[in-house]
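Each chain, written out:
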Amino acid sequence: MNQADLIVGLQWGDEGKGKIVDMMAQSYEVVARFAGGHNAGHTIVTGGKKYALHLIPSGILNPEAVNIIGNGVVVCPENLMKEMSQFENLQGRLWLSDKAHLILPYHQSIDRARERMRGAKAIGTTGRGIGPAYADKIARLGHRVGELKDVEKLFEKIMVYLEQNAPIFSAMGVEVPDARTLKADLIRYRDALLPYMADTTQMLWRDVAEGKKVLLEGAQGTMLDIDHGTYPYVTSSSTVAGGACTGTGLSPRQIGKVTGIAKAYCTRVGNGPFPSEDFGEEGERLRQQGHEFGTTTGRPRRCGWFDAVAIRHACALNGCDQIALMKLDVLDGFKEIRICVGYRYEGEVIDYVPYDLEGVEPVYETFPGWQKVEGIADYDALPDSAKAYIETIERVSGVRVGIISTSPDREDTIIR
Ligand code: IMP
(Lines give C-alpha, C1' and ligand atoms only; values in the text may rest on other atoms or scores of the structure.)
Protein backbone atom coordinates (compact mmCIF):
# COMPACT_ATOMS: atom_id res chain seq x y z
CA MET A 1 0.00 0.00 0.00
CA ASN A 2 1.27 3.47 -0.84
CA GLN A 3 1.93 5.67 2.15
CA ALA A 4 2.86 9.22 3.14
CA ASP A 5 5.91 9.90 5.30
CA LEU A 6 5.69 11.97 8.41
CA ILE A 7 7.88 14.37 10.37
CA VAL A 8 7.03 15.27 13.97
CA GLY A 9 8.75 17.17 16.77
CA LEU A 10 9.57 15.07 19.82
CA GLN A 11 10.19 17.81 22.39
CA TRP A 12 8.63 21.22 23.10
CA GLY A 13 8.88 22.50 19.54
CA ASP A 14 11.81 24.31 17.90
CA GLU A 15 13.65 21.02 17.43
CA GLY A 16 15.00 22.11 14.05
CA LYS A 17 12.26 20.50 11.96
CA GLY A 18 12.76 23.30 9.43
CA LYS A 19 16.15 22.06 8.26
CA ILE A 20 15.02 18.44 7.89
CA VAL A 21 11.69 19.25 6.24
CA ASP A 22 13.50 21.65 3.92
CA MET A 23 16.05 18.94 3.02
CA MET A 24 13.46 16.22 2.60
CA ALA A 25 11.02 18.47 0.76
CA GLN A 26 13.51 18.56 -2.13
CA SER A 27 12.69 14.95 -2.92
CA TYR A 28 8.93 14.96 -2.21
CA GLU A 29 6.21 15.82 -4.69
CA VAL A 30 3.64 16.89 -2.11
CA VAL A 31 4.22 18.47 1.32
CA ALA A 32 1.28 18.96 3.71
CA ARG A 33 0.86 20.70 7.06
CA PHE A 34 -1.70 19.08 9.34
CA ALA A 35 -1.86 21.05 12.62
CA GLY A 36 -1.15 24.33 14.34
CA GLY A 37 -1.11 27.73 12.72
CA HIS A 38 1.20 30.71 12.46
CA ASN A 39 2.40 30.04 16.01
CA ALA A 40 4.97 27.84 14.24
CA GLY A 41 7.73 29.33 12.20
CA HIS A 42 11.14 28.97 10.70
CA THR A 43 13.35 30.91 8.38
CA ILE A 44 14.90 29.31 5.33
CA VAL A 45 17.74 30.92 3.45
CA THR A 46 18.17 29.78 -0.11
CA GLY A 47 19.70 31.38 -3.18
CA GLY A 48 20.73 34.33 -1.00
CA LYS A 49 17.09 35.10 -0.15
CA LYS A 50 15.48 34.71 3.25
CA TYR A 51 11.96 33.29 3.58
CA ALA A 52 9.90 33.33 6.78
CA LEU A 53 7.52 30.39 6.80
CA HIS A 54 4.76 30.04 9.37
CA LEU A 55 1.86 28.34 7.62
CA ILE A 56 3.08 27.51 4.15
CA PRO A 57 4.84 24.10 4.05
CA SER A 58 8.57 24.07 3.37
CA GLY A 59 8.01 22.31 0.06
CA ILE A 60 7.24 25.75 -1.38
CA LEU A 61 10.98 26.18 -1.95
CA ASN A 62 11.01 23.13 -4.19
CA PRO A 63 9.54 24.43 -7.48
CA GLU A 64 8.36 20.92 -8.35
CA ALA A 65 6.40 20.32 -5.14
CA VAL A 66 2.72 20.89 -4.40
CA ASN A 67 2.01 22.26 -0.93
CA ILE A 68 -1.09 21.69 1.14
CA ILE A 69 -2.41 23.43 4.24
CA GLY A 70 -4.57 20.68 5.69
CA ASN A 71 -7.92 20.75 7.44
CA GLY A 72 -6.32 20.42 10.90
CA VAL A 73 -4.54 23.77 10.57
CA VAL A 74 -6.01 27.05 11.85
CA VAL A 75 -5.50 29.76 9.26
CA CYS A 76 -5.11 33.46 9.87
CA PRO A 77 -5.90 34.85 6.39
CA GLU A 78 -4.05 38.09 7.07
CA ASN A 79 -0.86 36.22 7.89
CA LEU A 80 -1.21 33.69 5.14
CA MET A 81 -1.61 36.50 2.59
CA LYS A 82 1.53 38.17 3.92
CA GLU A 83 3.45 34.92 3.70
CA MET A 84 2.17 34.24 0.20
CA SER A 85 3.40 37.65 -0.94
CA GLN A 86 7.00 36.40 -0.57
CA PHE A 87 6.49 34.11 -3.55
CA GLU A 88 5.56 34.59 -7.16
CA ASN A 89 3.07 32.43 -8.96
CA LEU A 90 1.75 30.08 -6.29
CA GLN A 91 -1.19 29.00 -8.39
CA GLY A 92 -1.26 25.21 -8.58
CA ARG A 93 1.59 24.94 -6.03
CA LEU A 94 -0.36 25.83 -2.91
CA TRP A 95 -3.72 24.47 -1.77
CA LEU A 96 -5.70 25.37 1.29
CA SER A 97 -8.23 23.00 2.79
CA ASP A 98 -11.76 24.40 2.70
CA LYS A 99 -12.27 22.60 6.02
CA ALA A 100 -9.43 24.38 7.85
CA HIS A 101 -10.71 26.78 10.48
CA LEU A 102 -10.22 30.52 10.30
CA ILE A 103 -8.42 32.61 12.87
CA LEU A 104 -10.57 35.75 12.77
CA PRO A 105 -9.60 39.27 13.88
CA TYR A 106 -11.03 38.79 17.40
CA HIS A 107 -9.26 35.50 18.21
CA GLN A 108 -5.92 37.14 18.82
CA SER A 109 -7.47 39.64 21.21
CA ILE A 110 -9.24 36.81 23.11
CA ASP A 111 -5.92 34.93 23.35
CA ARG A 112 -4.20 37.97 24.88
CA ALA A 113 -7.10 38.76 27.21
CA ARG A 114 -7.13 35.19 28.55
CA GLU A 115 -3.39 35.34 29.14
CA ARG A 116 -3.77 38.62 31.05
CA MET A 117 -6.51 37.07 33.18
CA ARG A 118 -4.33 34.06 34.02
CA GLY A 119 -1.71 36.40 35.48
CA ALA A 120 1.16 34.42 36.99
CA LYS A 121 -0.35 31.21 35.63
CA ALA A 122 -0.23 32.45 32.02
CA ILE A 123 0.59 29.75 29.48
CA GLY A 124 2.94 32.02 27.59
CA THR A 125 1.13 31.56 24.28
CA THR A 126 2.42 33.10 21.10
CA GLY A 127 -0.59 35.45 21.22
CA ARG A 128 -1.62 34.46 17.71
CA GLY A 129 -5.20 33.43 18.52
CA ILE A 130 -4.47 29.72 18.14
CA GLY A 131 -6.23 28.52 21.32
CA PRO A 132 -9.42 30.60 20.83
CA ALA A 133 -9.72 29.50 17.18
CA TYR A 134 -9.41 25.81 18.10
CA ALA A 135 -11.76 26.35 21.08
CA ASP A 136 -14.41 27.77 18.73
CA LYS A 137 -13.86 24.85 16.36
CA ILE A 138 -14.44 22.27 19.10
CA ALA A 139 -17.38 24.25 20.54
CA ARG A 140 -18.87 24.24 17.01
CA LEU A 141 -18.73 28.01 16.91
CA GLY A 142 -15.87 28.27 14.46
CA HIS A 143 -15.80 29.26 10.81
CA ARG A 144 -14.16 27.31 8.06
CA VAL A 145 -12.14 28.58 5.12
CA GLY A 146 -14.87 27.29 2.76
CA GLU A 147 -17.34 29.75 4.27
CA LEU A 148 -15.45 32.58 2.61
CA LYS A 149 -17.18 31.51 -0.61
CA ASP A 150 -20.32 33.25 0.69
CA VAL A 151 -19.03 36.35 2.46
CA GLU A 152 -22.50 37.77 3.14
CA LYS A 153 -23.60 34.66 5.04
CA LEU A 154 -20.29 34.37 6.91
CA PHE A 155 -20.46 38.04 7.90
CA GLU A 156 -23.97 37.60 9.30
CA LYS A 157 -22.92 34.55 11.31
CA ILE A 158 -19.91 36.34 12.76
CA MET A 159 -22.03 39.34 13.70
CA VAL A 160 -24.43 37.04 15.61
CA TYR A 161 -21.45 35.41 17.36
CA LEU A 162 -20.02 38.80 18.32
CA GLU A 163 -23.37 40.01 19.56
CA GLN A 164 -23.97 36.92 21.69
CA ASN A 165 -20.51 37.18 23.20
CA ALA A 166 -20.49 40.97 23.59
CA PRO A 167 -20.99 41.04 27.40
CA ILE A 168 -18.18 38.51 27.98
CA PHE A 169 -15.83 40.16 25.50
CA SER A 170 -16.44 43.55 27.00
CA ALA A 171 -15.73 42.26 30.53
CA MET A 172 -12.54 40.60 29.27
CA GLY A 173 -11.36 43.67 27.40
CA VAL A 174 -11.47 41.91 24.02
CA GLU A 175 -11.32 44.18 21.02
CA VAL A 176 -13.79 43.33 18.29
CA PRO A 177 -13.74 44.70 14.76
CA ASP A 178 -16.48 47.07 13.67
CA ALA A 179 -18.93 45.69 11.12
CA ARG A 180 -17.63 47.70 8.18
CA THR A 181 -13.98 46.72 8.73
CA LEU A 182 -14.94 43.10 9.28
CA LYS A 183 -16.85 42.90 6.03
CA ALA A 184 -14.08 44.59 4.07
CA ASP A 185 -11.58 42.15 5.60
CA LEU A 186 -13.69 39.13 4.70
CA ILE A 187 -13.95 40.32 1.11
CA ARG A 188 -10.18 40.76 0.92
CA TYR A 189 -9.64 37.28 2.37
CA ARG A 190 -12.06 35.75 -0.11
CA ASP A 191 -10.48 37.46 -3.09
CA ALA A 192 -7.00 36.40 -2.07
CA LEU A 193 -7.73 32.84 -0.96
CA LEU A 194 -10.55 31.57 -3.16
CA PRO A 195 -8.20 30.45 -5.97
CA TYR A 196 -6.32 28.25 -3.50
CA MET A 197 -9.24 26.54 -1.74
CA ALA A 198 -9.72 22.86 -2.35
CA ASP A 199 -10.88 19.60 -0.87
CA THR A 200 -7.34 18.69 0.12
CA THR A 201 -8.36 15.34 1.59
CA GLN A 202 -9.46 14.13 -1.84
CA MET A 203 -6.22 15.51 -3.29
CA LEU A 204 -4.10 13.63 -0.76
CA TRP A 205 -6.03 10.37 -1.20
CA ARG A 206 -5.43 10.63 -4.95
CA ASP A 207 -1.76 11.57 -4.61
CA VAL A 208 -1.02 8.73 -2.20
CA ALA A 209 -2.97 6.23 -4.32
CA GLU A 210 -1.00 7.30 -7.40
CA GLY A 211 2.24 6.60 -5.55
CA LYS A 212 3.35 10.23 -5.36
CA LYS A 213 5.93 10.99 -2.67
CA VAL A 214 3.96 12.74 0.06
CA LEU A 215 5.48 14.29 3.19
CA LEU A 216 3.39 15.36 6.18
CA GLU A 217 4.99 18.19 8.12
CA GLY A 218 4.23 18.47 11.82
CA ALA A 219 4.37 21.70 13.81
CA GLN A 220 5.33 22.32 17.45
CA GLY A 221 6.33 19.22 19.43
CA THR A 222 4.93 16.17 21.17
CA MET A 223 5.26 17.66 24.67
CA LEU A 224 3.00 20.52 23.52
CA ASP A 225 0.28 18.12 22.31
CA ILE A 226 -3.19 18.96 23.64
CA ASP A 227 -3.73 15.39 24.96
CA HIS A 228 -0.25 14.05 25.61
CA GLY A 229 1.73 17.14 26.49
CA THR A 230 2.15 19.05 29.74
CA TYR A 231 -1.47 20.23 29.92
CA PRO A 232 -2.53 23.02 30.31
CA TYR A 233 0.87 24.36 29.23
CA VAL A 234 0.43 23.08 25.69
CA THR A 235 -0.76 24.29 22.33
CA SER A 236 -4.34 23.57 21.27
CA SER A 237 -3.79 20.96 18.56
CA SER A 238 -2.77 17.32 18.12
CA THR A 239 0.89 17.67 17.34
CA VAL A 240 1.55 13.90 17.40
CA ALA A 241 1.42 11.41 14.52
CA GLY A 242 -2.27 10.73 15.15
CA GLY A 243 -2.93 14.39 14.38
CA ALA A 244 -1.58 13.83 10.88
CA CYS A 245 -4.58 11.59 10.15
CA THR A 246 -7.27 13.85 11.60
CA GLY A 247 -5.52 16.92 10.22
CA THR A 248 -5.38 15.67 6.61
CA GLY A 249 -7.98 12.94 6.27
CA LEU A 250 -5.40 10.25 5.46
CA SER A 251 -6.07 6.97 7.28
CA PRO A 252 -3.60 5.45 9.79
CA ARG A 253 -2.79 2.80 7.17
CA GLN A 254 -1.62 5.52 4.82
CA ILE A 255 1.10 6.73 7.20
CA GLY A 256 4.51 5.33 6.30
CA LYS A 257 7.91 6.22 7.73
CA VAL A 258 7.83 8.43 10.83
CA THR A 259 10.87 10.61 11.56
CA GLY A 260 10.92 12.21 15.00
CA ILE A 261 12.99 15.38 15.31
CA ALA A 262 14.84 16.05 18.57
CA LYS A 263 17.49 18.55 19.51
CA ALA A 264 20.66 17.17 21.16
CA TYR A 265 19.58 19.18 24.21
CA CYS A 266 16.24 20.60 25.21
CA THR A 267 14.43 23.94 24.99
CA ARG A 268 11.02 25.29 25.78
CA VAL A 269 9.33 28.66 25.20
CA GLY A 270 6.44 29.76 27.32
CA ASN A 271 5.60 28.50 30.77
CA GLY A 272 5.05 25.03 32.17
CA PRO A 273 7.14 22.20 33.57
CA PHE A 274 10.52 21.41 32.05
CA PRO A 275 12.32 18.88 34.29
CA SER A 276 15.77 19.09 32.70
CA GLU A 277 15.90 22.90 32.55
CA ASP A 278 19.28 24.35 33.49
CA PHE A 279 18.98 27.69 35.27
CA GLY A 280 22.73 28.20 35.54
CA GLU A 281 25.67 29.08 33.36
CA GLU A 282 25.37 25.99 31.21
CA GLY A 283 21.76 26.75 30.34
CA GLU A 284 22.86 30.24 29.33
CA ARG A 285 25.69 28.81 27.25
CA LEU A 286 23.25 26.51 25.42
CA ARG A 287 21.05 29.54 24.71
CA GLN A 288 23.94 31.55 23.28
CA GLN A 289 25.62 28.73 21.34
CA GLY A 290 22.29 27.47 20.04
CA HIS A 291 20.87 30.95 19.27
CA GLU A 292 17.83 29.94 21.25
CA PHE A 293 15.52 32.86 20.68
CA GLY A 294 12.05 32.32 19.19
CA THR A 295 11.56 32.81 15.42
CA THR A 296 7.91 33.76 15.87
CA THR A 297 8.04 35.90 19.00
CA GLY A 298 11.77 36.54 19.57
CA ARG A 299 11.47 35.30 23.17
CA PRO A 300 14.58 33.77 24.77
CA ARG A 301 14.03 30.01 25.03
CA ARG A 302 14.46 28.14 28.29
CA CYS A 303 17.35 25.68 27.87
CA GLY A 304 18.39 22.41 29.46
CA TRP A 305 19.62 18.88 28.93
CA PHE A 306 18.36 16.09 26.67
CA ASP A 307 15.39 14.47 28.36
CA ALA A 308 15.46 10.78 27.47
CA VAL A 309 12.32 10.01 29.47
CA ALA A 310 10.29 12.52 27.47
CA ILE A 311 11.85 11.24 24.23
CA ARG A 312 10.91 7.62 24.96
CA HIS A 313 7.35 8.81 25.65
CA ALA A 314 7.33 10.80 22.41
CA CYS A 315 8.77 7.96 20.30
CA ALA A 316 6.05 5.63 21.60
CA LEU A 317 3.28 8.14 20.95
CA ASN A 318 4.46 8.77 17.39
CA GLY A 319 5.65 5.28 16.43
CA CYS A 320 8.99 6.71 15.33
CA ASP A 321 11.07 4.73 12.84
CA GLN A 322 14.04 6.99 13.34
CA ILE A 323 15.20 10.06 15.22
CA ALA A 324 16.84 13.03 13.53
CA LEU A 325 19.16 14.49 16.16
CA MET A 326 19.62 18.19 15.57
CA LYS A 327 22.19 20.81 16.63
CA LEU A 328 24.72 18.34 18.00
CA ASP A 329 27.39 21.00 17.35
CA VAL A 330 25.81 23.29 19.97
CA LEU A 331 27.28 20.92 22.59
CA ASP A 332 30.81 21.51 21.21
CA GLY A 333 33.27 22.50 23.91
CA PHE A 334 31.18 21.43 26.92
CA LYS A 335 33.40 19.55 29.38
CA GLU A 336 30.53 17.37 30.50
CA ILE A 337 27.12 16.71 29.01
CA ARG A 338 24.10 15.41 30.85
CA ILE A 339 21.13 13.26 29.86
CA CYS A 340 18.03 13.07 32.01
CA VAL A 341 17.40 9.31 32.33
CA GLY A 342 14.72 9.29 35.04
CA TYR A 343 12.44 11.47 37.12
CA ARG A 344 12.28 11.70 40.89
CA TYR A 345 8.55 11.73 41.47
CA GLU A 346 6.59 11.36 44.70
CA GLY A 347 9.59 9.82 46.49
CA GLU A 348 10.63 7.32 43.83
CA VAL A 349 12.59 7.28 40.60
CA ILE A 350 10.45 6.61 37.54
CA ASP A 351 11.29 6.19 33.86
CA TYR A 352 8.00 7.32 32.32
CA VAL A 353 6.13 10.61 31.93
CA PRO A 354 3.61 10.86 34.77
CA TYR A 355 0.22 12.64 34.85
CA ASP A 356 1.84 15.93 35.82
CA LEU A 357 5.47 16.95 35.36
CA GLU A 358 5.15 19.81 37.84
CA GLY A 359 7.66 19.35 40.67
CA VAL A 360 9.36 16.37 39.02
CA GLU A 361 13.14 16.35 39.48
CA PRO A 362 15.57 15.07 36.88
CA VAL A 363 17.95 12.15 37.44
CA TYR A 364 21.02 12.65 35.25
CA GLU A 365 23.74 10.51 33.74
CA THR A 366 26.85 12.53 32.93
CA PHE A 367 28.98 12.00 29.84
CA PRO A 368 32.36 13.39 28.82
CA GLY A 369 32.05 16.18 26.23
CA TRP A 370 33.96 16.69 22.99
CA GLN A 371 35.82 19.51 21.29
CA LYS A 372 34.11 19.84 17.93
CA VAL A 373 31.58 18.07 15.76
CA GLU A 374 30.55 21.17 13.79
CA GLY A 375 30.51 20.49 10.07
CA ILE A 376 31.17 16.73 10.33
CA ALA A 377 29.11 14.86 7.74
CA ASP A 378 30.42 11.33 8.31
CA TYR A 379 29.45 9.27 11.36
CA ASP A 380 32.84 7.58 11.63
CA ALA A 381 34.55 10.97 11.84
CA LEU A 382 32.68 11.90 15.04
CA PRO A 383 34.67 11.88 18.30
CA ASP A 384 34.11 8.72 20.36
CA SER A 385 32.39 10.67 23.12
CA ALA A 386 29.84 12.06 20.62
CA LYS A 387 29.19 8.53 19.33
CA ALA A 388 28.72 7.31 22.90
CA TYR A 389 26.24 10.13 23.50
CA ILE A 390 24.23 9.26 20.37
CA GLU A 391 24.28 5.54 21.17
CA THR A 392 22.98 6.26 24.68
CA ILE A 393 20.09 8.21 23.15
CA GLU A 394 19.34 5.21 20.94
CA ARG A 395 19.49 2.82 23.90
CA VAL A 396 17.18 4.83 26.13
CA SER A 397 14.70 5.75 23.41
CA GLY A 398 14.75 2.36 21.69
CA VAL A 399 14.87 4.17 18.33
CA ARG A 400 17.74 4.49 15.87
CA VAL A 401 19.26 7.93 15.34
CA GLY A 402 19.24 7.93 11.54
CA ILE A 403 20.06 11.58 10.90
CA ILE A 404 22.48 13.84 12.78
CA SER A 405 22.82 17.53 12.11
CA THR A 406 26.12 19.25 12.84
CA SER A 407 25.42 22.80 11.57
CA PRO A 408 22.56 24.77 10.03
CA ASP A 409 23.89 23.99 6.51
CA ARG A 410 22.18 21.28 4.52
CA GLU A 411 25.54 19.65 3.73
CA ASP A 412 26.50 19.25 7.39
CA THR A 413 24.19 16.34 7.98
CA ILE A 414 25.06 12.74 8.74
CA ILE A 415 22.71 10.20 7.16
CA ARG A 416 23.38 6.79 8.65
P1 IMP B 1 -0.05 28.81 21.43
O2 IMP B 1 0.18 27.68 20.50
O3 IMP B 1 0.26 30.15 20.86
O4 IMP B 1 -1.42 28.76 22.05
O5 IMP B 1 0.97 28.65 22.68
C6 IMP B 1 0.87 27.59 23.59
C7 IMP B 1 2.24 27.10 24.01
O8 IMP B 1 2.87 26.47 22.91
C9 IMP B 1 3.18 28.20 24.46
O10 IMP B 1 4.03 27.68 25.48
C11 IMP B 1 3.99 28.49 23.23
O12 IMP B 1 5.25 29.04 23.53
C13 IMP B 1 4.12 27.10 22.66
N14 IMP B 1 4.35 27.10 21.21
C15 IMP B 1 3.44 27.34 20.23
N16 IMP B 1 4.02 27.24 19.03
C17 IMP B 1 5.29 26.92 19.23
C18 IMP B 1 6.40 26.65 18.35
O19 IMP B 1 6.29 26.68 17.12
N20 IMP B 1 7.58 26.35 18.95
C21 IMP B 1 7.70 26.27 20.30
N22 IMP B 1 6.71 26.51 21.15
C23 IMP B 1 5.51 26.83 20.63
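Residues numbered from 1 in each chain as written. Predicted model: local features only at pLDDT ≥ 70, side-chain atom pairs only at ≥ 80, totals over all residues. Heavy atoms only, no water.

Structural notes on the domain arrangement of the chain
Domains assigned within the chain are domain 1 (4–75 + 201–415) and domain 2 (101–195). On the domain 2 side, the residues contacting the 21 residues of domain 1 number 16 residues. Taken over both partners, the interface formed by domain 1 and domain 2 buries close to 1,500 Å², and the fraction arising from carbon and sulfur atoms is 55%. Ranking the residues of domain 1 by area buried against domain 2 places His38, Val74 and Val75 at the top, with a combined share of 36%. (Domains from an automatic or database assignment. Contact = heavy atoms within 4.5 Å. Buried area = accessible area lost by both parts, 1.4 Å probe.)

Remarks on the pairing of strand S15 (residues 322–326)
Most of S15 sits inside the fold, with 5 of its 5 residues counted as buried. In this structure, strand S11 (residues 255–263) lies alongside S15, joined through 5 bridges in parallel fashion. Within S15, the position partnered with alanine 262 by the bridge is leucine 325. Bridge analysis of S15 against strand S19 (residues 401–405) gives 3 bridges, and the strand direction is parallel. Among the inter-strand pairings, alanine 324 is bridged to a residue of S19, identified as isoleucine 403. (Buried < 20%, exposed > 50% of the residue type's maximum accessible area, 1.4 Å probe, protein only. Helix = DSSP H or I, 4+ residues; strand = E, 2+ residues; numbered from the N terminus. Pairing = 2+ DSSP bridges.)

Regarding helix H5 (residues 151–172)
Each α-helix turn comprises 3.6 residues. Residues three or four places apart therefore point the same way. The axis of H5 is deflected most strongly, by about 65°, at alanine 166, and proline proline 167 appears within four residues downstream. For H5, the set of buried residues is Val151, Leu154, Phe155, Ile158, Tyr161, Leu162, Asn165, Phe169 and Met172. Close packing links the buried residues of H5 with strand S8 (101–102), helix H3 (105–118), helix H4 (130–138) and helix H6 (179–193). Just past H5, the residue glycine 173 takes up positive phi, approximately 80°. (Bend = angle between axes of the 7 residues up to and from the residue.)

So, the nonpolar core
Ranked by size, the top nonpolar core spans 57 residues in total, and within it Leu216, Leu328, Leu331 and Tyr389 carry the most contacts. Counting residues per element, this core draws most heavily on helix H11 (residues 384–397), which supplies 5 residues. Formed by 40 residues, the second largest nonpolar core is a distinct cluster that contains Ile60, Ile69, Val73 and Leu102. (Core = buried A, V, L, I, M, F, W, Y, C linked by side-chain atoms within 4.5 Å.)

Describing unusual backbone geometry
Trans is the prevailing form of peptide bonds, just as negative phi is the prevailing case for residues other than glycine. A cis amide bond links tyrosine 231 to the next residue, proline 232, at an omega of 5°. Mapped onto the secondary structure, proline 232 falls in the loop between strand S10 (214–217) and helix H8 (241–246). Positive phi outside glycine occurs at glutamine 220, with the angle close to 55°. Position of glutamine 220 relative to the elements: it lies in the loop between S10 and H8. One non-glycine residue, histidine 291, lies in the positive phi region at around 50°.

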